[in-house]
Amino acid sequence: MAAESERVDRSSHSMDKSITLPPDEIFRNLENAKRFAIDIGGSLTKLAYYSTVQHKVAKVRSFDHTAKDTEDDPLYEISMQEEILARLHFIKFENAYIETCLDFIKDHLVNTDTKVIKATGGGAHKFKDLIEKKLKLRVDKEDEMTCLIKGCNFVLRNIPHEAFVYAKHADSEFRFQNTHPDIFPYLLINIGSGVSIIKVESEDTFERVGGSSIGGGTFWGLGALLTKTKRFDELLQLASKGQHTSVDMLVKDIYGGSYGSLGLTGDLIASSFGKSATADKEFSKEDMAKSLLHMISNDIGQLACLYARLHNLTRVYFGGFFIRGHPVTMHTITYSINFFTKGEVQALFLRHEGYLGTIGAFLKGAEEDNPNQYSWGENYAGSSGLMSTSPDLNPMQRARSGTFDMLEMDRLERQLVNLPLLQDPSSYIPDTVDLSEDALAREYWLYCFEEALDGVVKRAVASQPDLPEAAERAEKFRHKYLHKLQTLRHQPFAYGSLTVRSLLDTREHCLNEFNFPDPYSKIKQRENDMALKYFQKAVKSLEELSWEQRQFALVRGLLAGNVFDWGAKAVSDVLESDPEFGFEQAKRQLEERPWLVDAYDQWLERLKGPPHKCALFFVDNSGIDIILGVFPFVRELLCRGTEVVLASNSSPALNDVTNNELQILTERIAAMDSVIQSAVKEDRLKLVQSGSSSPCLDLSRLDKVLAGVVRERHTDLVIIEGMGRAIHTNYYAMLSCESLKMAVIKNSWLADRLGGKLFSVVFKYEWDVCSSVLLVLFVSQSVAGTCFSLLCGYLEEVAPLEPYVTGTGTRVHLSPATPSLPDFPLSSHCHITQKAHTLQPDGTLLIRKSFMLLHYPSNPANVAPLAWPLPQRQMLTPAASYLYHTALYNTLFSRGCLSSENAENSTPECSITTPILSLLKGPPVNGYMKGPKEKGLR
Amino acid sequence: MNRRPGGETKTRRGTTARMNRRPGGENEDAARHHGEMNQRRGGNEDAARHHGENEPETGGGNEDAAQPPLKRSRSRSDVSNHLGLDGSNMETTTAGGSAADERRTSNYSSRQRMDSLRKIRPPFPWFGMDIGGTLVKLVYFEPKDITAEEEQEEVENLKSIRRYLTSNTAYGKTGIRDVHLELKDLTMCGRTGNLHFIRFPTQDLPAFLQMARNKHFSSLHTTLCATGGGAYKFELDFRQMADLQLLKLDELDCLIRGVFYIDSVVSSPSECYYYENPTDPEHCVQKPFPLENPYPVLLVNIGSGVSMLAVYSKNNYKRVTGTSLGGGTFLGLCCLLTGCSSFEEALEMASQGESTRVDKLVRDIYGGDYERFGLPGWAVASSFGNMVCKEKRESISKEDLARATLVSITNNIGSITRMVALNENIERVVFVGNFLRVNTLSMKLLAYAMDYWSKGQLKALFLRHEGYFGSVGALLELLDPS
């Protein structure tokens, strides 16, 4: 059952009207709030409303440059404008405060258009009169389950890292999940007073497939009877201290040990409360509560597992007040699911689970605004984060009262989608290092951001010299961000995985919150101005070089340009103290080749080949970087006949060039450079916005327009520049085309970690990938059935591999991304006789024997020593081959899948390569080496 | 576990050798063992003539768990003594060994007949034992076709056991014979007699063993076939306290064997039955169900905990899952909630209570049916859900609590059963286990739940000998090792 239990006994006695609410903290923007929705549960009320936020943005406007430029005229003018931003507010508080809160809202509500409040939750009818009386709004009740599902879909779609796996004893308890591009189908197990099991197949299709009456209400009700403890939270506290073994009858109590023939271990509970029937003794409250908790969690887990299996679903989310923010129940449920599914299904929890009902109710009421048409983003500045009110984490707040948990979501101006060139969107993780798992790195970066705060505050104040209250706002910003950092120190999981990106984004959100939309606008303007003056000279000197010299100079220039980064402390100190620090000096700072990561030779070889069709370039900083580094490089690409798409931030972040600024810069450069001019005119050079306003880059949330352009133009090269985009994020991103990742490491700690030093260079050229390699492993039928599904599961984790397991007589449709396949001599590459398969006239492979196709988009070096028919073969690196094989071998090993017996079973026609065969005969080992993704950078 | 004639021959021979090498052994015990061993060897040679390759089995095992089918006849008086009878047969025990041997010799001719069937009839007494988490279930075959010759040869211990068990219906404070389940004129292994069903709490097992020790039960040289977890847990106790070797048997093997055996030998009233019109209390009646070819069938054994087996044929089954919310949970919670102390008491209270005062129903939340999801208003939304509220906690009776406990445990078993049946694609469910003993309430609930939630697709079947199948299976193993 979805309905939470009512707590009649609680709401009345603590109706404390004396509290005063800090208006700038909660219930923000009530003045123009509309579309209220409320979800009243057993103990907590969740309120939702929509507001528009007046918000300063920095705009740039080009001067008319037909007029003659003088040396002193700035390139463009900067102005602050008000912009309207749509925001969703969600506030969660104790039912005890409901009256106070309603009064507060009434006092502050200006908008009188609102006539209706959508309501859901078990307590909605109880407070109906109160709400109608106080707010003069008509209460419109919505179906609870529908709201729940709508809310769930909304958060899964819009909040990255919404779902997590809970692992009590792991380094980081919360392991956040990638948002799968397709969130459906999934199973939602809502554990309220009872349990509802809902299968969700699409936005509007869901079905309650089952349920159970043994749920949170049973724990609470039975717990209250057994322990005389009234509160749910207290019961959980009791349970966490108890020993269930004194109450439960375990297998070993019956068997004396384990029940070996069934594989039931001795510690397994055979009969919950079984000992309390026979032993004439008193049981402690703690022990009984623990036993009860186990009984209920196991029972729910078992049912969930049965339903998941029946409906063939692996994504199972748990919610409801039984789960909500309680590590104890998340742990027992996880344990139960692992036990019953033997790891096939993971129990998933949601960061904003408590808000689902109210989000759904809100969405029901806002259908005419089509909120689902937009992308939304969690505003880190206005959201409390996970477990902000957890009694387990904040013992001071055990009673929870007085704490208001908030979630704010900003409507993004454009819809965000995956970059179509991502190899596997479902396994793409933008961030290179997960700071919630890496304590050392976390310590460093939190410290680093705290250290840099003074500078940011100073810069913010300086950016608004005309506004006297800027200093005060800047202090508020400092306070807020510092508080966030402190929160993250203790709860690194508050906003999903903690990463350098999230720290940067949080800072941007906080700056925006206090109306510092673009603290670097003036600096950017000055630097752009200055750099433009050198553009022609730079181009000229490049043109004087030989082709090969020029290619290197272009790369070097790009890297030197990237040194100019106000986001990096080491650099901003230099720039601050030495305004004359110039391009040439930057070049001298650069590491000499061989660079820390150096694939320049391969890149040069590639340039000798045919031009790319279209290059997508994610640019970084303003000034020298974009003008003297990127533009000459782009110019060369254009000259080669490659179209270029420049993707820049939609809104400001640090000194990164924004799309607006880039448009002006491009116009100006076009005015003095005919190559650029004609390219712009002929649309061979296109500017698009990334949809992002972060110094980092999440390739799974990019402007839909950009994705369209990338697709239309058959982009075959992606260039990512800068530390934020190419190292903190995307370092391991696997693309389905060639990619260049370039950055100068401007942070000595990071340089140290990577084994380099300050101003070390990362030049990563990844060949790849559109021509995939087919590795065919010949195995016996029995192996194909059992172990290969495991293997495939593993390979999917490792990321770039897309294995197909086939049986005898199957036809495999080969991916159209393997154009050269008809010529692909499987036998010579993979040491498998061609008798195993025949290529049919229609392009499908008829598989004669049972074998596995590992369709892996290439780590091309694998086939380098072989007669790989594609022209790119000279660019294959042995390292890639090694990594791939390591992954494969380790898998075969660790799963004990392929024994020598299996190898012998394979038909004599097949001769697997010697190393594989010898490895197969080795002993199985526990655990496997980490695949390519987990290597490096840690 | 140590069964499987032939298969474990090697081990047993090894054990014998080991034993023989050991100098002296343990004091007087060892001395007695020696004596017995010699006797047994005699017996063995004897047996060897009858069943060739089984010979080594019977070799060593007074310390080893391995027991030949024809070794010890266990004294009945021991059972009776444990269960509260006098122990007047003390002196006969020492003589027991040789007496038994004589009997074996005298049985020679009858055994020869059996040889053609490759069946070896073990000596009396015939017991099958199932030591569960809560109850010990004992079946005893009382031969009614004893010849005068046999009568004469029967040792006193044996006689007294027979008399004691068959002339009483209660043993000691807690032992009970379920007279209504007794199977009369049953032919087992060529002998005709009555099969008796006896149970006592597992916690009284130590007393049972103590008595067995006092009365030299072991002198009867019977094989004690035991199944259930207790066969493992108490194996050492059996050996040390009562000098009894257990032949440990897998409980699920025994359960299935017992179910199909009993169903096949019982005709009227039919062992297996179901409830007709389970959703209509007025017309809900028991009807016999022929269980001849029920496969595939889901066998749900509700003891302290619950095991669910998918049975595809007599010899092909798998344990699909189980739940810890079983009879033990019902009784355990009832004891804590109501202060009752026995299953019968708990059931009695439950029959007088009203669970809807304790549970929160769908209609308590939605005012009626939750139509959007086809949930009827009477369905339980949250077991014990009303107990969240203090006023309601104070307004309910112990009987209500007992009823709610019974209903939630039963419904939960029903719900898991239904899901397992769906997943395994099985349409018939047989519920067994002592939780259902005198528990019509639960049986009707299960019948109802299966029928209602599956829209008539699932049939709930019940068996009259509810909890005894494991021990019957153990007895069958004694008579006809599989």
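Residues numbered from 1 in each chain as written. Chains lettered and ligands numbered in written order. Predicted model: local features only at pLDDT ≥ 70, side-chain atom pairs only at ≥ 80, totals over all residues. Heavy atoms only, no water.

### Some remarks on the overall build of chain B
The helix and strand inventory of chain B stands at 18 helices and 17 strands. Looking at chain B residue by residue over its 482 residues, the buried ones come to 60%. The contacts in chain B between residues at least 6 apart in sequence include a share of 71% that link residues at least 24 apart. Surface exposure of chain B reaches about 18,700 Å², of which carbon and sulfur atoms provide 48%. (Helix = DSSP H or I, 4+ residues; strand = E, 2+ residues; numbered from the N terminus. Buried < 20%, exposed > 50% of the residue type's maximum accessible area, 1.4 Å probe, protein only. Contact = heavy atoms within 4.5 Å. Areas by Shrake-Rupley, 256 points an atom, 1.4 Å probe, with all protein chains shown as cover.)

### Digging into the interface of chain A and chain B
Taken together, the 56 residues of chain A in the interface contact 56 residues of chain B. Of the roughly 4,700 Å² buried between chain A and chain B, counting both surfaces, carbon and sulfur atoms make up 64%. Where chain A meets chain B, there are one salt bridge. Applying the counting rule to chain A against chain B returns 20 residue pairs in polar contact (both at pLDDT 80 or more). Mapped by element, the contributors of at least two residues to the side of chain A that touches chain B are α4 (144-158), β10 (206-212), α5 (216-227), α7 (251-255), β12 (269-271), α8 (274-278) and α9 (285-310) of chain A. Per element, the largest residue contribution to the side of chain A that touches chain B is nine residues, and it comes from α9(A). Of the residues belonging to the side of chain A that touches chain B, the class tally is 29 nonpolar, 18 polar and nine charged. (Buried area = accessible area lost by both parts, 1.4 Å probe. Salt bridge = Lys/Arg side-chain N within 4 Å of Asp/Glu carboxyl O. Polar contact = N/O pair within 3.5 Å; in protein donor to acceptor, adjacent residues only side chain to side chain. Nonpolar A, V, L, I, M, F, W, Y, C, P; charged D, E, K, R; others polar.)

### With respect to the packing of α9(A) against helix α16 (residues 398-424) of chain B
One can describe the packing of α9(A) onto α16(B) by two numbers: an axis separation of 9 Å at closest approach and a directional angle of 25°. In terms of their interaxial angle, α9(A) and α16(B) are classed as roughly parallel. α9(A) and α16(B) meet at a crossing whose hand is left-handed. Residues D299(A), Q302(A), L303(A), L306(A), Y307(A), R309(A) and L310(A) of α9(A) form the contact with α16(B), whose participating residues are N412(B), S415(B), I416(B), R418(B), M419(B), V420(B), L422(B) and N423(B). When the residues that make up the contact of α9(A) with α16(B) are grouped by side-chain class, the tally is eight nonpolar, four polar and three charged. (Axes fitted to C-alpha atoms, helices over the stretch in contact; angles between N-to-C directions. Parallel < 35°, antiparallel > 145°, perpendicular 65-115°, else oblique. Left-handed = near helix turned anticlockwise from the far one by under 90°.)

### Some points on the pairing of strand β5 (residues 183-188) of chain B
Residue and element names in this part refer to chain B. Sheet analysis places β5 next to strand β6 (residues 191-201), joined by four bridges and oriented antiparallel. Each residue of the ladder has a partner; that of T187, found in β6, is T192. Adjacent in sequence and paired antiparallel, β5 and β6 are bridged by two residues, among which C189 carries a positive phi angle near 55°. (Pairing = 2+ DSSP bridges.)

### With respect to the nonpolar core
By size, the foremost hydrophobic cluster in this structure holds 104 residues, and its most contacted members are W445(A), L503(A), W603(A), F633(A), L646(A) and F763(A). Here the element with the most residues in this core is helix α21 (residues 624-640) of chain A; it accounts for 10 residues. Taken domain by domain, this core gets at least three of its residues from each of domain 3 (422-513) and domain 4 (521-766) of chain A. If sequence neighbours within four positions are ignored, L646(A) has contacts with F617(A), V619(A), V630(A), F631(A), V634(A), L662(A), L685(A), K686(A), L687(A) and V688(A). Membership of the second largest hydrophobic core comes to 101 residues, among which are V195(A), I323(A), F330(B) and V388(B). (Core = buried A, V, L, I, M, F, W, Y, C linked by side-chain atoms within 4.5 Å. Domains from an automatic or database assignment.)

### A short note on the sheet that holds strand β21 (residues 685-689) of chain A
All names here are of chain A. With mixed pairing, the seven strands of this open sheet are ordered in space as β18-β25-β24-β23-β19-β20-β21. Each of the sheet's edge strands pairs with one partner strand only, and the pair in question is β18 (597-598) and β21. Across five bridges, strand β20 (residues 643-648) lies against β21 in parallel orientation. Bridge pairing in β21 places V644 opposite L685. Running over the sheet, helix α20 (residues 600-608) touches β18, β23 (717-721), β24 (738-745) and β25 (760-766) and is turned about 45° from β25. Contacts from helix α22 (residues 659-672) reach β20 and β21, with the element oriented near 160° to β21.

### A few points about the confidence of the model for chain A
Residues and elements named next belong to chain A. Confidence in the prediction of chain A, expressed as mean pLDDT, is 76, and 75% of residues score 70 or more. The lowest-confidence element of chain A is helix α28 (residues 826-830), averaging 28 in pLDDT; the highest-confidence one is β20, averaging 97. In the predicted structure, residues 768-840 sits below a pLDDT of 50 and forms 218 contacts with residues beyond four places in sequence or in another chain. Below pLDDT 50 for its whole length, residues 842-938 participates in 238 contacts with residues either more than four positions away or in separate chains. (pLDDT = per-residue confidence, 0-100.)

### Describing the side chain of T338(B)
All names here are of chain B. Within the secondary structure, T338 is located in helix α12 (residues 327-338). For T338, a relative accessible area of 5% puts it in the buried group. A polar contact of 3.2 Å, which involves the side chain of T338, links it to the backbone nitrogen of C340. Among residues more than four places away in sequence, those in contact with T338 are M349, K398, L401 and A402.

### Section: unusual backbone geometry
The linkage connecting R593(A) with the following residue, P594(A), adopts the cis geometry, with an omega of -5°. Within the secondary structure, P594(A) is located in the loop between α19 (583-589) and β18. Omega for the bond connecting Y295(B) with P296(B) falls within 30 degrees of zero, at -10°, which places this linkage in the cis form. Mapping P296(B) onto the fold places it in the loop between β10 (285-288) and β11 (297-302).

### Some thoughts on the pattern of salt bridges
Residue and element names in this part refer to chain A. Enumeration over the complete set of coordinates arrives at 63 salt bridges over all chains. For the salt bridge of D454 with R478, the shortest nitrogen-to-oxygen distance reads 2.4 Å. On the criterion of sequence distance, the pair formed by D454 in helix α13 (residues 453-462) and R478 in helix α14 (residues 470-490) is long-range, its members being 24 residues apart. Among the ionic pairs, R593 bridges to D598, the shortest N-O distance being 2.8 Å. With a relative accessible area of 32%, R593 lands in the partly exposed category. The partly exposed category is assigned to D598, whose relative accessible area is 23%. Through salt bridges with shared partners, a single network forms among R87, E408, D410 and E513.

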